[in-house]
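Topology and contacts: notes
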Amino acid sequence: MIPSVLPTYNRAPLTFVKGEGSWMIEADGRRFLDLGAGIAVNVLGHAHPSLVNALTDQANALWHVSNLYHIPQQEALADKLVENSFADTVFFTNSGTECCELAVKMVRKYWFEKGQADKTDIIGFEGAFHGRSSAGIAAAGSEKMTKGFGPLLPGFKQVPWGDLDALQNAITDTTAAVILEPVQGEGGIRPMDDADLKAVREICDVAGILLILDEVQCGVGRTGKLFAHEWAGITPDVMMVAKGIGGGFPLGAVLASEEAASGMTAGTHGSTYGGNPLACAVGGAVMDIVAEPAFLDDVNRKAGQFQQSLEGLVASHPDVFESVRGTGLMLGLKCKASNMDVLQAAYDAELITVPAADNVIRLLPPLNISDDDINEAITRLDAAATVVAQNLQG
Ligand SMILES: *Cc1c(COP(=O)(O)O)cnc(C)c1O
């Protein structure tokens, strides 16, 4: 008999009932160190007092009004995002994949309004993840996500990750935009080199097409800059942000330049819940903390230490791990053993990690994780790897 919850997830047999900073408490009382952060969502850990206060203050004042009216919390958060990014304007959603929907609509409308309605194609990269909506799965294109869900939204193609010649060759007169994650998350923590990201921007400029960056996972301080593309010194035309921006409350945002957004006039897009007072109150509190240069400096300092310790861990478990990947606190361990065996051994050591493609486990701690908790994570990963190595021999 089908369970009352539609069985689309493979869930671990864990039920968390409370969170405190970088720790989650299981129903049976065990304390797990959280290097998953709800897949890069809880950027300030669990139950951060500023976020709890922002949410409860707003909950006591007003929950929902609709975008028929002005929402001051939404305007304040949009101002903060505009001040701290390339963008001139922001549309709020409730999730990452809704950002993909708008990004696709926005770039197509842009060309339509320019009198080039045939420019509708969007080129992405293999291994990408843009969410599970019809546009999201069509943009990523992998059989794993699209099989059985045809007919797919037309106008998408993919080229191999990092293959800029293939990208160049894929661009035609009907190309509207390129979409990519500066650091692929689900695809296995695969950063694009700064030089390649610059080259993609250059290719788009020369071809006169738009660049959409999907920073749903790598944005909001995760890489040690507020947005990952800042490392390469480039700017996109459109950017998708979600996950971390709400610190655990559902919130997404599409950021755009005035030019890229020029087709999106009143009545062309909307959302009942997008940018509601609760979500934007929390998002504002997240931005107040994460956008501070001193906070990002600390992310970079901790990331350097963590990466160094992980290199040591890989060196002492050569049968289990192959390499450390990623940037900032968006890290991955490419495994030699099965990543699912490592994940399970980590659960047994009361440590949360997240699997990804390419036999990787992801390490995405809260950005405010303490130095002690990073050391504890290394101790627990070491214990987990020791068990996996013993099982490989036995
Ligand atoms: C998680 C993710 C999405 C989808 O976000 P949802 O909130 O699950 O819809 C899109 N793009 C990237 C890069 C993601 O990591």
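**What to know about the overall build of the protein chain**
Helix and strand counts for the protein chain stand at twelve helices and 17 strands. In terms of overall size, the protein chain behaves like a compact globule, its C-alpha atoms giving a radius of gyration of 21 Å where 394 residues would be expected to give roughly 21 Å. Judged by the C-alpha coordinates and their principal axes, the protein chain covers about 65 × 55 × 55 Å. By the burial criterion, 52% of the 394 residues in the protein chain qualify as buried. Working note: accessible area of the protein chain is about 17,100 Å², and carbon and sulfur atoms make up 52% of it. The centroid of the 27 positive side-chain charges in the protein chain is displaced by 4 Å from the centroid of its 48 negative side-chain charges.

**Thoughts on the domain arrangement of the protein chain**
Domains assigned within the protein chain are domain 1 (16-34 + 293-392) and domain 2 (49-290). The C-alpha-based centres of domain 1 and domain 2 are spaced at 28 Å. Taken residue by residue, the interface counts 20 residues in domain 1 and 21 residues in domain 2. Here domain 1 packs against domain 2, burying approximately 1,600 Å² in sum over the two surfaces, 61% of which is carbon and sulfur. Considering only the surface of domain 1 that becomes buried against domain 2, Leu296, Met330 and Arg362 emerge as the three largest contributors, covering 37% of it. Joining domain 1 to domain 2, the criterion identifies one salt bridge. With a shortest N-O distance of 2.8 Å, Glu186 and Arg362 are connected by a salt bridge. Between the two partners, domain 1 and domain 2, sit seven residue pairs in polar contact (both at pLDDT 80 or more). For the side of domain 1 that touches domain 2, the elements supplying multiple residues, two or more each, are helix 10 (293-316), strand 13 (321-327), strand 14 (330-335) and strand 17 (360-363). It is helix 10 that provides the largest number of residues to the side of domain 1 that touches domain 2, a total of four residues. Of the residues in the side of domain 1 that touches domain 2, the class split is twelve nonpolar, five polar and three charged.

**Considerations on the pattern of salt bridges**
As enumerated under the stated definition, the model contains 14 salt bridges in all. With a closest N to O distance of 2.9 Å, Asp28 and Arg30 form a salt bridge. Arg30 sits in the partly exposed class, given a relative accessible area of 29%. A salt bridge links Glu376 to Arg380, with the nearest nitrogen and oxygen atoms 2.8 Å apart. Taken together, the positions of Glu376 and Arg380, both in helix 12 (residues 371-393) and four residues apart, correspond to about one turn of that helix. Note on Glu376: relative accessible area 28%, which makes it partly exposed. Several salt bridges share partner residues, and in doing so they unite Asp298, Arg301, Lys302 and Asp371 into one network.

**A word on helix 10**
Three- or four-residue spacings in an α-helix give side chains the same orientation, since the helix completes a turn every 3.6 residues. Look at helix 10: 35 Å from first C-alpha to last across 24 residues, which is about the 34 Å you get at 1.5 Å a residue. For helix 10, the full list of buried residues reads Phe295, Leu296, Val299, Lys302, Ala303, Phe306, Leu310, Leu313 and Val314.

**Here's the deal with the environment of Arg301**
By the secondary structure assignment, Arg301 is in helix 10. The exposure class assigned to Arg301 is partly exposed, which follows from its relative accessible area of 35%.

The rules behind these values
- Residues numbered from 1 in each chain as written.
- Predicted model: local features only at pLDDT ≥ 70, side-chain atom pairs only at ≥ 80, totals over all residues.
- Heavy atoms only, no water.
- Helix = DSSP H or I, 4+ residues; strand = E, 2+ residues; numbered from the N terminus.
- Rg over C-alpha atoms; globule rule 2.2 N^0.38 Å.
- Buried < 20%, exposed > 50% of the residue type's maximum accessible area, 1.4 Å probe, protein only.
- Areas by Shrake-Rupley, 256 points an atom, 1.4 Å probe, with all protein chains shown as cover.
- Lys, Arg positive; Asp, Glu negative; His and termini not counted.
- Charge placed at Lys NZ, Arg CZ, Asp CG, Glu CD.
- Domains from an automatic or database assignment.
- Contact = heavy atoms within 4.5 Å.
- Buried area = accessible area lost by both parts, 1.4 Å probe.
- Salt bridge = Lys/Arg side-chain N within 4 Å of Asp/Glu carboxyl O.
- Polar contact = N/O pair within 3.5 Å; in protein donor to acceptor, adjacent residues only side chain to side chain.
- Nonpolar A, V, L, I, M, F, W, Y, C, P; charged D, E, K, R; others polar.
- Expected span 1.5 Å × (residues − 1).

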